[in-house]
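# Descriptive analysis of the structure
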Amino acid sequence: MYKLIIYITIAIILVYVVVRSFKEKKGFKRKIVKTTRTEKILKIINVFAWIIFVGTLVKSGIILISFIITLFKPEAVVFKDISVFGVGTSPGTYFYEIRESHLWNYIFYVISIILWTLIKSYLAYLIIKLLAKINLIHPFSMEIANRIVKISYTLIFIWGLSFVVGFFDKWATLAIGLEPQFEVRGEFLFIAGLVYLIGNIFKRGVEIQNENKLTI
Amino acid sequence: MAIIVNLDVMMAKRKMSLNELSQKVDITIANLSILKTGKAKAIRFSTLESICKVLDCQPGELLEFID
């Protein structure tokens with residue numbers, strides 16, 4: 001069911017993008033006469049960001065609804081098909097066990113997972129906003145630079161949140177005698193540093209551009 | 001800013017409007033305005049030369065250093 005919803009969403013987005021690009025081609029005058037390779041890449045990234053945004057949002061919604069259902073009806077096997085931490089993780093069985101034996105562990109655990117998924121969709125949302133704001137004729141603006149830096153802060157937050165998820169995961173899984181399923185994602189910190197660096201180089205570029213503009 | 005542009009003073013002395021100066025120096029009014037209001041970060045020698053030529057003054061009369 002979960003996979004089906006994701007596939008339908010992806011199909012809708014792809015159809016929308018194709019129809020939109022077809023409409024653009026039919027127009028009398030296109031704003032940009034020749035589409036460069038970079039512009040095409042940015043468009044593709046935009047589509048991927050939309051897919052990730054909708055996908056993670058749907059996933060967090062499904063986990064939330066499943067969580068609410070299991071709170072009132074523990075025997076419902078709603079988590080069976082959801083890969084919470086990636087491919088191959090099927091928490092259907094051990095979620096039920098945690099729910100049955102340790103309710104509070106279960107509540108905190110699932111809420112932290114929902115937050116983890118939501119913050120990832122927020123990251124995709126930031127990328128969509130960034131791509132929507134970017135002006136391909138004058139792409140270097142302080143607003144874009146600030147948005148890139150904001151993305152790096154969100155990545156740091158995701159890294160910090162992974163500790164919280166890791167803690168609740170350990171707390172919940174060890175309570176039923178299972179190995180922890182979640183690993184703290186150190187790569188987020190690395191990517192955050194990289195994005196922060198790019199953002200600041202971008203900012204310096206904008207400053208130089210402004211200086212050049214103010215040279216009479 | 002430590003360097004002050006006295007363009008408005010020189011223009012007043014020569015009784016020249018911004019529009020007239022802009023036409024004679026061949027610089028847009030917007031750029032002259034940036035220069036006049038002290039927002040400019042730098043000035044090219046060629047620009048300074050043409051302004052000095054039109055206003056019949058020395059660069060030192062246009063630019064002033066205040067500590």
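Each value, and the rule that gives it
- Residues numbered from 1 in each chain as written.
- Chains lettered and ligands numbered in written order.
- Predicted model: local features only at pLDDT ≥ 70, side-chain atom pairs only at ≥ 80, totals over all residues.
- Heavy atoms only, no water.
- Helix = DSSP H or I, 4+ residues; strand = E, 2+ residues; numbered from the N terminus.
- Rg over C-alpha atoms; globule rule 2.2 N^0.38 Å.
- Buried < 20%, exposed > 50% of the residue type's maximum accessible area, 1.4 Å probe, protein only.
- Areas by Shrake-Rupley, 256 points an atom, 1.4 Å probe, with all protein chains shown as cover.
- Lys, Arg positive; Asp, Glu negative; His and termini not counted.
- Charge placed at Lys NZ, Arg CZ, Asp CG, Glu CD.
- Patch = residues over 30% accessible without salt bridge, like charges linked within 9 Å, V, L, I, M, F, W, Y side chains within 5 Å.
- Salt bridge = Lys/Arg side-chain N within 4 Å of Asp/Glu carboxyl O.
- Phe/Tyr/Trp six-rings, centres within 6.5 Å; stacked < 30°, edge-to-face > 60°.

Looking up chain B in an unreviewed UniProt entry gives the name HTH cro/C1-type domain-containing protein, with the organism given as marine metagenome.

## A short note on the overall build of chain B
What chain B contains, in helices and strands, is five helices and two strands. Beginning at the N terminus, the succession of helices and strands in chain B can be written as β-α-α-α-α-α-β. Scaling as 2.2 N^0.38, a compact globule of 67 residues should have a C-alpha radius of gyration of about 11 Å, and chain B matches this with 11 Å. Burial statistics for chain B: of 67 residues in total, 33% are counted as buried. Counting every atom, chain B has about 4,400 Å² of accessible surface; 54% of that belongs to carbon and sulfur. Charge separation in chain B, taken as the distance between the mean sites of 9 positive and 8 negative side-chain charges, equals 5 Å.

## Details of a nonpolar patch on the surface
Residue and element names in this part refer to chain A. Among the surface-exposed residues, Tyr153, Ile156, Leu189 and Tyr196 lie close enough to one another that they form a single nonpolar patch of about 370 Å² accessible area. Elements that contribute at least two residues to the nonpolar patch include exactly helix H5 (142–175) and helix H6 (187–213). Note on placement: leucine 189 falls in helix H6.

## Some points on the packing of aromatic side chains
Residues and elements named next belong to chain A. Per the stated rule, a full pass over the model turns up 13 aromatic pairs over all chains. Judged by centre distance (6.0 Å) and plane angle (35°), the rings of phenylalanine 53 and tyrosine 125 are tilted. Of the two residues, phenylalanine 53 is situated in helix H2 (residues 37–72) and tyrosine 125 in helix H4 (residues 103–133); the sequence distance between them amounts to 72 residues. For phenylalanine 53, a relative accessible area of 16% corresponds to the buried category. Owing to a relative accessible area of 35%, tyrosine 125 belongs among the partly exposed residues under this scheme. Aromatic ring contacts, followed pair by pair, group Trp104, Phe108, Phe167, Phe168 and Trp171 into a single cluster.

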